[in-house]
Amino acid sequence: MRDSDREDLELHRRLSSGDRGAFDELYGRYAGSAYGLAYRVTGQQILAQDVVHDAFMALWRTPEAYDPARGPFRTFFLALVHHRAVDLVRRESRLHARSERAANLEPLVGEDPADAIAEESYLGVRRKEVREALAGLPPEQRQVLEMAYFGGKTQVQIAEELGIPLGTVKTRTFAAMRKLRAALEETG
Amino acid sequence: MIDRHDETQELLAGYVLQSLSGEDAAEADRLLTEHVPDCSECRMMLDAFQAVAGELALEAEPATPPDTLLPRIHREMDTRGRPGIRWTPGRLVAAAASVVLVVGAGGMALSQLEDRKTAQVPAADVQGLADFVVQHPTLLRQPLGGNAQEISARGVQELYVYGRGVPFPAPGLVYRLWAVSAHHATHLRDFLPYPDGTVLVRLAIDPSTFDHLLVTVEPAGSEPSEPGDPAWPEAG
């Protein structure tokens, strides 16, 4: 376990007993990644703010939802953010608008480079490993994975868009997830 | 020959990416409810895929949220507080009232219950249960009889009553759900199985605030003053 994961675990333990300072510290660690992810998926700042707000409130209200036995806090929380982002996009039926915007995202208003640098120093190593693992995938596998994860598209939509059988999308997705799992476990 | 676990795990890969729809989504929900909790291999793979889904988030460029966001969260923390308080019976009654809002069916009219006979289990409800199962690895399952069970997780203010092949009560009768404590029973809601015998009820209530759930069978539309006959005497 990395030092940062151990620190997260301790912060989560304190948060579970109602420590607001621990909550704020976890916010400081993950708000940037969460907001960046939510913005990438939703394509709208206002929706991204709602996603991050809801995810942190869910963490505060039901910290028990995270079970340390199932992996680092980081992956639990960012998966929660992703889940909410995709849910929101689909619920709001704004996929069309999001797709148009996501194709040419503008820099976020209020972005503070100093904050970004601080965040990077904490998660930067893992971020680099994740990007390397993704780059190691065959292009056709990476494509379906990114369309699903960041594009919020269903496998049926991906098959239609790429003009390939649904079964092929499933196979490529499964293969990509297994390869990423192996690569990230090796470096994690 | 296709390995059954491979087939399941292929669906789980799509599930954690939230990219399933239609029959695949329904099948994944079924597997998550009925197979995965008892299959260590698939459970391990689900955990691993969820970890990958969390890590993939790092591929997105981080961005600083507006300065107003944390104060907004703080305000809501002040306003809504947090769960985990052990409720008194009075609070339990209040919680029962909140159930009406959550499930939209507490004290439902007979006509609404009759509608159930022609309705399908809403996909969103099935998805909700599947998400609950996935998010809470240490599930507590309590048989209620009649092929139904209570599914809860310690410390979580939410639980489900779920069953397949649940028999219909006699015409004119409904099932009535109660939260029972030592000297108190609180009516939660009335329900009937869906046409295929499925029961799926979500309750926004902390399971630590009562001793057990009780299902009785009662005349439809009757006043829920106190529990009548247990619907399934074989339970507990």
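Everything numeric here is computed off the predicted structure, so don't read it as measured data. Every chain is numbered on its own, with residues counted from 1 as its sequence reads. By the order in which they are written, chains take letters starting at A while ligands take numbers starting at 1. The model is predicted, so local features are restricted to residues of pLDDT at least 70 and side-chain atom pairs to those at 80 or more, both for listing and for counting; the totals for chains, interfaces and linings are taken over all residues. Side-chain descriptors were evaluated using all non-hydrogen atoms of the structure, hydrogens and water having been removed beforehand.

Further remarks concern the packing of helix H8 (residues 155-162) of chain A against helix H9 (residues 166-187) of chain A. All names here are of chain A. For helices, the axis comes from a line fit to the C-alpha atoms of the stretch in contact; other axes are also lines fit to C-alpha atoms, and the angle between any two N-to-C directions lies between 0 and 180 degrees. Think of it this way: any DSSP run of H or I at least four residues long counts as a helix, any run of E at least two long counts as a strand, and we number them from the N terminus. Where H8 meets H9, the axes come as close as 8 Å, and the angle between the chain directions of the two elements is 115°. Considered as vectors, H8 and H9 are oriented roughly perpendicular to each other. Regarding H8 and H9, the two cross each other, and that crossing is right-handed. Contact residues: Gln 155, Val 156, Ile 158 and Ala 159 in H8; Leu 166, Val 169, Lys 170 and Thr 173 in H9. Of the residues that constitute the contact of H8 with H9, the class distribution is five nonpolar, two polar and one charged. Roughly parallel means an angle under 35 degrees; roughly antiparallel means over 145; roughly perpendicular covers 65 to 115; every other angle is labelled oblique. Two helices that cross are described as forming a left-handed crossing if the nearer one is turned anticlockwise from the farther one by less than a right angle, and a right-handed crossing if clockwise. Residue contacts are counted whenever heavy atoms from the two residues lie within 4.5 Å of one another. Under the scheme applied, nonpolar residues are Ala, Val, Leu, Ile, Met, Phe, Trp, Tyr, Cys and Pro; charged residues are Asp, Glu, Lys and Arg; polar residues are all the others, including Gly.

Quick look at the confidence of the model for chain B now. pLDDT expresses how confident the predictor is about each individual residue, on a scale running from 0 to 100. Confidence along chain B averages 76 in pLDDT terms, with 78% of residues attaining 70 or more. Below a pLDDT of 50 lies the segment residues 84-118 of chain B, which in the model reaches 56 contacts outside its immediate sequence neighbourhood of four places, other chains included.

By convention a nonpolar core is built from buried Ala, Val, Leu, Ile, Met, Phe, Trp, Tyr and Cys residues, the set being connected through side-chain atoms within 4.5 Å. In this scheme, a residue with accessible area under 20% of its type's maximum is buried, one over 50% is exposed, and one in between is partly exposed, where area comes from a 1.4 Å probe on protein chains only. Grouped together as the largest cluster of nonpolar side chains are 84 residues, with contacts concentrated most on Phe 56, Phe 77 and Leu 145 of chain A. Looking at this core element by element, the count peaks at twelve residues for helix H2 (residues 20-42) of chain A. If you look at the next biggest cluster of nonpolar residues, it comprises 19 residues, including Leu 144, Val 166, Tyr 175 and Ala 231 of chain B.

Now for empty space enclosed by the protein. The method works on a 1 Å grid over the protein atoms by themselves. A cavity is a set of points holding a 1.4 Å probe that cannot get out, a pocket is an open set with protein on both sides within 12 Å along at least five of seven lines, and residues with an atom within 4 Å of a point line them. Grid points are joined across faces, edges and corners, and a volume is the space filled by probe spheres set on the points. Counted according to the given criterion, the structure contains one cavity of 30 Å³ or more. Each pocket or cavity is described by its volume, and for the largest cavity that value is around 420 Å³. In terms of lining, the largest cavity is formed by 22 residues, of which the most central are Phe 76 and Ala 79 of chain A together with Gln 50, Val 134 and Gln 135 of chain B. At the level of elements, helix H4 (73-92) of chain A together with helix H1 (4-16), helix H3 (40-56) and helix H7 (123-135) of chain B are the ones that each hand at least two residues to the lining of the largest cavity. For the lining of the largest cavity, the leading source of residues is H4 of chain A, giving six residues. Looking at the lining of the largest cavity, its residues break down into eleven nonpolar, seven polar and four charged.

Turning next to the layout of surface pockets. By volume, the second largest pocket is sized at about 430 Å³. Taken together, 23 residues form the lining of the second largest pocket, with Gly 71, Pro 72 and Glu 185 of chain A together with Ala 51 and Glu 55 of chain B sitting closest to its centre. Residue assignment for the lining of the second largest pocket shows that the elements contributing at least two residues are helix H1 (3-16), H4 and H9 of chain A together with H3 of chain B. For the lining of the second largest pocket, the element with the highest residue contribution is H3 of chain B, accounting for six residues. Tallied by class, residues from the lining of the second largest pocket come to eleven nonpolar, three polar and nine charged.

All names here are of chain B. In this model, Gln 18 sits at a positive phi of 55°, which is unusual for a non-glycine residue. When you line up the elements, Gln 18 lands in the loop between H1 and helix H2 (22-34). In this structure, Asn 147 is a non-glycine residue whose phi angle is positive, near 70°. Topologically, Asn 147 is positioned in the loop between strand E1 (139-145) and strand E2 (148-153). On the accessibility criterion, Asn 147 (54% relative accessible area) is exposed.

Each partner contributes residues to the interface: chain A has 72 residues there, and chain B has 56 residues. Throughout, buried area stands for the accessible area (probe radius 1.4 Å) lost by two parts on being put together, summed over both. Carbon and sulfur atoms supply 59% of the area buried between chain A and chain B, which totals about 5,900 Å² over both sides. Any Lys or Arg side-chain nitrogen found within 4 Å of a carboxyl oxygen on Asp or Glu counts as a salt bridge. Taken together, the connections running from chain A to chain B amount to nine salt bridges. Residues Asp 6 of chain B and Arg 178 of chain A are paired through a salt bridge, measuring 4.0 Å at the closest nitrogen-oxygen approach. Definition of a polar contact: a pair of N or O atoms within 3.5 Å, with one able to donate and the other able to accept a hydrogen when the atoms are protein atoms, and with sequence-neighbouring residues admitted only if both atoms are side-chain atoms. Where chain A meets chain B, there are 18 residue pairs in polar contact (both at pLDDT 80 or more). Elements with a contribution of two residues or more to the side of chain A that touches chain B: H1, H2, helix H3 (45-61), H4, helix H6 (113-135), helix H7 (139-149), H8 and H9 of chain A. Residues belonging to the side of chain A that touches chain B are distributed by class as follows: 30 nonpolar, 16 polar and 26 charged.

Further remarks concern the side chain of Glu 129 of chain A. Locating Glu 129 of chain A in the fold gives a position in helix H6. Glu 129 of chain A has contacts with Arg 2, Leu 184 and Thr 187 of chain A, leaving out every residue within four places of it along the chain.

Residues and elements named next belong to chain B. It is the contact of H1 with H3, at a shortest axis distance of 9 Å, that shows an interaxial angle of 25°. What the angle tells us is that H1 and H3 run roughly parallel. Relative to H3, H1 is oriented so that their crossing is right-handed. Between H1 and H3, the residues in contact are His 5, Thr 8, Gln 9, Leu 12, Ala 13 and Val 16 and Glu 41, Cys 42, Met 45, Leu 46, Phe 49, Gln 50 and Ala 53, respectively. Looking at side-chain class alone, the contact of H1 with H3 contains eight nonpolar, four polar and one charged residues.

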